[in-house]
Amino acid sequence: MAKNTTSAINNSTINKSIEENNQNLKENLILNTNSINNNYEISCATYIKATSNKPNELPHQFLGLTKDELIYALKIMMTARYTDDKHLNLVKQGKSFFHIGGSGHEGTQTAISMNLISKKDWAWTYYRDLAFSIGMGYTLNDYFLLALGKEEDPSTGGRQMPGHYGRKDLNMPTQSSPTGTQYLNAVGTALASKKDGNDDITYVSSGEGTTSQGEFYEAVNWASREKLSVLFHVQDNGYAISVPRAQQSSGSSVTNSFCAYDNLKMFTYDGSDIFDSYLAAKLAVQYMRNGNGPTLLHSIVERLLPHSSSDDQKKYRAKEELEEAKSKKDPISKLSLYLIENNLASDVEIENLKKIVHNEINEAADWAATRPDPQAINSTKHIFAPEETRKLNYSEFDYPDVTNKVVLVDAVNHALMEEMKRNPKMVIFGEDVADPKGGVFTATRGLTNTYGSDRVFNSPLAEASIVGTALGMAVSGYKPVVEIQFGDYIWPAFMQIRDELATMRFRSDNNFSAPVVIRVAVGGYIHGGLYHSQNIEAFFAHIPGIMIAYPSNAADAKGLLKTACRIQDPVLFLEHKGLYRLPFASTAEPNEDFLLPFGKARTIRAGKDATLVSWGLTLKDSFNAAKRIEKDFGKTVEVIDLRTIIPWDKESIINSVKKTNRLMIAHEDTLTLGFGAEIAATIGNEAFNHLDAPIMRHAAKDSHIPYAPEYENDVLPSEDKIYQDLIKLLEY
């Protein structure tokens, strides 16, 4: 159990005082004249002159801040600053391997934390957010457990580098390293709060360099359109590592790009000034608590340290610039001087506070060094949810031959309809999914009419937005089942899937999960050309942490999709467009209790002379080719439908190969690094002694999928081509 390092100031007293101040500050935004549309330049001194009947009132008096509250703020800032110093010493001593700090950013971060409510509001932080995190309840013990990579680290359990803050009880999801991905996740969390009918605020931050990322714009767009309570905090220190602001943003400010956005309020201010920062944060919080929409706080700060312990800013910043930054833009020096000049604290009191802070830091660092290191046996723990979460009430289905069959796309629709009824926290969104359209393939037809537009709705045409927002909702307790219209267009969402969705459970040491289901239409044979024909399973099978289903018939599609909607892992659910209404894929429809486990293949044709493994539309051609082999040569080929790619049923294939002694894998994806290569390598390694012939792979040519039927038919697998390869395999 981690030792708790507490502040000398009682947090509950501070929060109560802040809430009282909420009532005292004027709600109308009477700001200074330097405003463009929805963007305001905040100066506490100017605001006092414009709104106070006491024009000589001091900033802390106007804001209703007591001496204790100011000392509390100073202590947070000192704690963050001197923790940076301590950590850098640990790096020099070889006790920690990396440091990235927030020195110079403490003023704005502390002010915002004082206006938010810990354990109620949400926070998607970035690597410089130490002062903010401390203000929200993150302790020094937490910090040094993270810095030293200890097993008890509440953020990552030793899985991530320092600077990745997170704690479940603080509603602070463990951050990742990519810059900008967190913005869409925050939008998802805010959307969940809105659907829950509460006034929670979601904080999310980055430096100004990150605002060059497209996902930042997508996030501001979604939050503004939906009037979501997202506090976008852009901490502008003028440098994206070494790249200056002028080479990042058009114009002098990132806010220039958003001046015409409805519902968005923006405040630009001196982030090194605690009072300007506090006023901006206060106005922003009032605006959002009232449900008016998002805010963007653009704080101008100085980076007083290099980008990280791997950087030397003297290479690209002039000595005079650095000296001026330390002398004029240090938030700790500025607040300390204010306290002394206004007789709120003496030099001695401030020096004593420094000593207290240094002692607390040293005690926490020394304590963390004594805590257990991670055990190597746990290095791959928490890639997926605990196994017991997948122990559902699975059932068998005998695939009866009936007249009244359901096509695959309708089976998908029925599965969604049933799971929406079962789980009120399930939501469905994507491009064109809402009624009256009901999806470009009608898979979501009728769902909006049945469950309402609050649960089934259209998204912007932005794949990263769909997945990133879904992740944020999932972390908040929702079950998003989203649609990416075509597999060919999933790539804008790739970083959200690879770096955010797949890693969430692992990087947070099982404290957070994001069980999002991503439905994707894939595959060729529809004359869709290069951009409506791709198979994508091999790309995503390489990513730990995502389950992949690829059903080949209606019953399996229904059973696997219902399972995907209930398990606690992210699922990529691939639906072949060519199978949607194909008679081969039509089956009797299982009832609403039918669930299929992931990782369990199905033998659809028994045989003793060879094993043929396939999935998707290629299964049809494999099945028909096997029938022709028996008719023409009297040889029987066992055909196995893999059903799921991750996990895949190795045991069933090995058992079949032990019986048939020959193996072919057929799939529609390209030959080079198609998933068949993984199966072939595994069987070659684990069942080599049972093979009487080399393993054969049959796949598409290593080519893009062309449009003309003559080209497409040449590139993709076919029944005739599989038939010819089976002959070669059997004759070997």
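The rules behind these values
- Residues numbered from 1 in each chain as written.
- Predicted model: local features only at pLDDT ≥ 70, side-chain atom pairs only at ≥ 80, totals over all residues.
- Heavy atoms only, no water.
- Buried < 20%, exposed > 50% of the residue type's maximum accessible area, 1.4 Å probe, protein only.
- Helix = DSSP H or I, 4+ residues; strand = E, 2+ residues; numbered from the N terminus.
- Arc of directions from axis to C-beta.
- Contact = heavy atoms within 4.5 Å.
- Polar contact = N/O pair within 3.5 Å; in protein donor to acceptor, adjacent residues only side chain to side chain.
- Salt bridge = Lys/Arg side-chain N within 4 Å of Asp/Glu carboxyl O.
- 1 Å grid on protein atoms, 1.4 Å probe; cavity = no way out; pocket = protein on both sides within 12 Å on 5 of 7 lines; lining within 4 Å.
- Points joined across faces, edges and corners; volume = space filled by probe spheres on them.
- Nonpolar A, V, L, I, M, F, W, Y, C, P; charged D, E, K, R; others polar.
- pLDDT = per-residue confidence, 0-100.
- Patch = residues over 30% accessible without salt bridge, like charges linked within 9 Å, V, L, I, M, F, W, Y side chains within 5 Å.
- Areas by Shrake-Rupley, 256 points an atom, 1.4 Å probe, with all protein chains shown as cover.
- Core = buried A, V, L, I, M, F, W, Y, C linked by side-chain atoms within 4.5 Å.
- Expected span 1.5 Å × (residues − 1).
- Phe/Tyr/Trp six-rings, centres within 6.5 Å; stacked < 30°, edge-to-face > 60°.
- Lys NZ or Arg CZ within 6 Å of the ring centre and 35° of its normal.
- Pairing = 2+ DSSP bridges.
- Right-handed = clockwise from strand over helix to strand, strands pointing away.
- Axes fitted to C-alpha atoms, helices over the stretch in contact; angles between N-to-C directions.

Engineer: How should helix α12 (residues 331–341) be read in this particular structure?
Structural biologist: Residues spaced three or four apart along an α-helix point in a common direction, a consequence of the helix completing one turn every 3.6 residues. Among the residues making up α12, those that are buried are Pro331, Ile332, Leu335, Ser336, Tyr338 and Leu339. For α12, the arc enclosing every buried residue in end-on projection is 160°, short of the 170-degree limit, so these residues lie on one face. Among the structural elements, α3 (59–63), α4 (67–92), α5 (106–115), α10 (274–289) and α13 (347–369) are those in contact with the buried residues of α12. For α12, the N-terminal capping position is held by Asp330, with its side-chain oxygen 3.0 Å away from the main-chain nitrogen of Ile332.

Engineer: Can you walk me through the pattern of salt bridges in this structure?
Structural biologist: Pairing is possible between side chains that carry opposite charge, provided their charged atoms lie close to one another. Here the structure, examined in full by the defined rule, presents 46 salt bridges. The shortest N-O distance in the salt bridge between Lys562 and Glu418 comes to 2.9 Å. Here Lys562 is found in helix α20 (residues 554–564), whereas its partner Glu418 is found in helix α14 (residues 408–422), with 144 residues between them in sequence. Residue classification places Lys562 among the buried positions, given a relative accessible area of 1%. For Arg519, the salt bridge goes to Glu575, with nearest N and O atoms at 2.7 Å. Placement of the pair is Arg519 in strand β13 (residues 517–522) and Glu575 in strand β15 (residues 571–576), with a sequence separation of 56 residues. Sharing partners across several salt bridges, the network here consists of Glu418, Glu419, Lys558, Lys562, Arg566 and Glu589.

Engineer: Would you explain empty space enclosed by the protein in this entry?
Structural biologist: If a probe the size of a water molecule is rolled over the atoms, the empty space left behind becomes visible. Per the stated rule, a full pass over the model turns up 4 cavities of 30 Å³ or more. Lining the largest cavity are Thr125, Tyr126, Tyr127, Gln175, Ser176, Ser177, Pro178, Thr179, Thr181, Gln182, Ser206 and Thr210. The residue makeup of the lining of the largest cavity, split by class, is 3 nonpolar, 9 polar and no charged. Here the second largest cavity defines a volume of roughly 60 Å³. Residues that form the lining of the second largest cavity fall into these classes: 6 nonpolar, 4 polar and 2 charged.

Engineer: Any chance you could explain the confidence of the model for the protein chain here in plain terms?
Structural biologist: Note that predicted coordinates carrying low pLDDT should not be read in detail. Within the protein chain, residue pLDDT values average 93, and 95% of them lie at 70 or more. This model gives residues 1–34 a pLDDT under 50, and the stretch forms 70 contacts once residues within four places in sequence are excluded.

Engineer: Where do I start with unusual backbone geometry in this structure?
Structural biologist: Glycine aside, a negative phi is what most residues show, and trans is what most peptide bonds show. Omega for the bond connecting Asp435 with Pro436 falls within 30 degrees of zero, at 10°, which places this linkage in the cis form. The topology assignment puts Pro436 in the loop between β10 (426–430) and α15 (447–451). The amide bond that connects Ile646 to the next residue, Pro647, takes the cis arrangement and shows omega of -5°. By the secondary structure assignment, Pro647 is in the loop between β19 (644–646) and α22 (650–660). Of note, Asn661 is a non-glycine position whose phi angle comes to about 65°, a positive value. Residue placement: Asn661 occurs in the loop between α22 and β20 (663–670). The phi dihedral of Leu673 is positive, around 60°, even though this residue is not glycine. Tracing the backbone through its elements, the reader meets Leu673 in the loop between β20 and α23 (675–686).

Engineer: Teacher, can you tell me more about a nonpolar patch on the surface here?
Structural biologist: Taken together, the side chains of Tyr489, Leu530 and Tyr531 present a nonpolar region at the surface, about 290 Å² in accessible area. Checked against the element boundaries, Tyr531 lands in the loop between β13 and α19 (537–541). Tyr531 sits in the exposed class, given a relative accessible area of 51%.

Engineer: Hey, could you run me through the nonpolar core in this one?
Structural biologist: Within soluble globular proteins, side chains that are nonpolar generally end up buried alongside one another. Phe232, Ile518, Leu572, Ile653 and Ile679 are the most contacted members of the largest nonpolar core, which has 78 residues in total. With 8 residues, the single largest contributor to this core is helix α16 (residues 463–475). For Leu572, the contacting residues outside a window of four places in its chain are Ile490, Ile518, Val520, Ile536, Phe540, Ile546, Met547, Ile548 and Ala549. One finds Ala73, Leu130, Leu145 and Leu339 within the second-largest nonpolar core, a separate group that totals 71 residues.

Engineer: When you look at helix α21 (residues 618–633) in this model, what are you seeing that I'm missing?
Structural biologist: The terminal C-alpha atoms of α21, which comprises 16 residues, lie 22 Å apart, in line with the 22 Å expected from a rise of 1.5 Å per residue. When we look at burial in α21, the residues that qualify are Thr618, Leu619, Asp621, Ser622, Phe623, Asn624, Ala625, Ala626 and Ile629. On the buried face of α21, the contacting elements are β16 (602–605), β17 (610–614), β18 (637–641), β20 and α25 (719–731).

Engineer: What should I look at first to understand the packing of aromatic side chains in this one?
Structural biologist: Scanning the entire structure with this criterion turns up 31 aromatic pairs. Seen in terms of ring centroids, Trp222 and Phe429 are 6.1 Å apart; in terms of plane orientation they differ by 80°. Their pairing is edge-to-face. Taken together, the residues span a long stretch of sequence, with Trp222 in helix α9 (residues 214–226) and Phe429 in strand β10 at a distance of 207 residues. Neither residue differs from the other here; Trp222 and Phe429 are each classed as buried. Between the aromatic rings of Phe441 and Phe486, the centroid separation amounts to 5.6 Å while the plane-to-plane angle is 70°, which identifies the pairing as edge-to-face. Residue Phe441 is located in the loop between β10 and α15, and its partner Phe486 is located in the loop between β12 (479–484) and α17 (494–501); the two are separated by 45 residues in the primary sequence. Phe486 sits in the buried class, given a relative accessible area of 12%. The lysine or arginine in question, Arg159, covers the ring of Phe506, its NZ or CZ lying 5.0 Å from the ring centre.

Engineer: Explain the pairing of strand β8 (residues 265–270) to me, please; I cannot follow it from the model alone.
Structural biologist: Two faces belong to every sheet, and in a regular strand the side chains alternate between them. The buried fraction of β8 amounts to 6 of the 6 residues, a majority that puts the element mostly inside the structure. With 6 bridges connecting them, β8 and strand β9 (residues 295–300) associate as parallel partners. In the sheet register, Thr268 faces β9, and the bridge partner there is His298. Between the parallel elements β8 and β9, the chain passes through α10 in a crossover that is right-handed.

Engineer: I'm lost on the sheet that holds strand β11 (residues 456–458) in this one. Help?
Structural biologist: In a beta sheet, neighbouring strands are held together by backbone hydrogen bonds and run either parallel or antiparallel to one another. Spatially, 7 strands are ordered β11-β10-β12-β13-β15-β14-β19 in an open sheet, and the strand pairing comes out mixed. Of all strands in the sheet, those bounded by a partner on one side alone are β11 and β19. Between one strand axis and the next, the sheet turns through 20° on average, direction left out of account. Seen against the sheet, α16 touches β10, β12 and β13 and runs at an angle of roughly 170° to β12.

Engineer: Which parts of the structure should I look at to understand the side chain of Thr295?
Structural biologist: Inspection of the secondary structure puts Thr295 in strand β9. Given a relative accessible area of 0%, Thr295 falls into the buried group. Sequence-distant contacts of Thr295, defined by excluding residues within four places in its chain, comprise Val230, Leu231, Phe232, Leu264, Lys265, Phe267, Ala284, Tyr287 and Met288.

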